[in-house]
Amino acid sequence: MLVKSVCLLQVLSFVSIYSGSAHNYHVRLTNSMAPCAGVVQAKMNGEWERVCASQWDLQDAAVVCKELGCGAPYSVPPASAFGAAVNEAVGISDVQCRGDEVSLLQCPHSTRIQDFCYDGRYAAVNCTATNLENATRVTEEQLEQALRITKNNIQEMGEALKRDKQNLADKERDYQEMLNIELSLELQVATILKRMEERKTQ
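This write-up is about the structure you can find in this document.

Cut-off values and rules
- Residues numbered from 1 in each chain as written.
- Predicted model: local features only at pLDDT ≥ 70, side-chain atom pairs only at ≥ 80, totals over all residues.
- Heavy atoms only, no water.
- Disulfide = S-S within 2.5 Å.
- Helix = DSSP H or I, 4+ residues; strand = E, 2+ residues; numbered from the N terminus.
- Buried < 20%, exposed > 50% of the residue type's maximum accessible area, 1.4 Å probe, protein only.
- Contact = heavy atoms within 4.5 Å.
- Polar contact = N/O pair within 3.5 Å; in protein donor to acceptor, adjacent residues only side chain to side chain.
- Salt bridge = Lys/Arg side-chain N within 4 Å of Asp/Glu carboxyl O.

**Details of the state of the cysteines**
Move 1: Using the criterion set out here, one finds four disulfides in the structure.
Move 2: There is a disulfide in this structure between Cys65 and Cys127, and the S-S distance comes to 2.0 Å. Across the S-S bond linking Cys65 and Cys127, the dihedral sits near -85 degrees, which makes this disulfide left-handed. One end of the pair, Cys65, is in helix H2 (residues 58-67); the other, Cys127, is in strand E6 (residues 124-127), and 62 residues separate them in sequence. An identical accessibility class is assigned to Cys65 and Cys127; each is buried.

Following this line, the structure appears as structure tokens:
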């Protein structure tokens, strides 16, 4: 299980680097392992910020799914479904897309953020597609590199385990020697006490 987890983490890191460099989106989905589901963030003045869920509906979500190449939306769940925290930066609210916009930021929206938006009421979406093109664009060379790194990690873990076993064996041997010394001292003390008792009775 540990080996699979290490390998998966290596592969996911390559996926993130590879797919992230291929596009320059102004919107993204977070708080989800699925590339086409999550809490919406828009890039405002170079910063990624949440979108308030005020007036958020399937028509708005359709633009996000289309912009990310994720097909059509099938639901707009609450951000809490993805474990979004409260009091995060919110950039826009009251998004009102027609549905034919190319980008979410082309839709009419407001930069006036109401207080309730910071209570975790962020826009979120589930799209129908899985966006396999972006999620699986990992070359054979990258997979082989991830496998090599994983094998090296396993080898290092094996060597560390051998060292730990040797250290444990050394400690067990030292412990046994201490027990033997203790037993020897107890016998010597018992012998001395016995002789002292014998002298008293003479």
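**As for H2**
For an α-helix, the turn length of 3.6 residues means that residues three or four places apart are oriented alike.
Move 1: Along H2, the residues classified as buried are Asp60, Ala61, Val63, Val64, Cys65 and Glu67.
Move 2: Looking at the buried residues of H2, the elements they touch are strand E1 (27-30), strand E2 (37-44), strand E4 (73-75) and E6.
Move 3: Two to three positions downstream of the cap, the backbone nitrogen of Gln59 sits 3.1 Å from a side-chain oxygen, assigning the N-cap of H2 to Asp57.

**Topic: the pattern of salt bridges**
Move 1: One pass over the structure, following the stated rule, counts four salt bridges.
Move 2: Between Arg173 and Asp170 there is a salt bridge whose closest N-O contact spans 2.4 Å. Placement of the pair is Arg173 and Asp170 together in helix H4 (residues 140-201), with a separation of three residues, close to one helical turn.
Move 3: When its relative accessible area of 24% is taken as the criterion, Asp170 is described as partly exposed.
Move 4: It is possible to trace a salt-bridge network through shared partners that takes in Arg98, Asp100 and Glu101.

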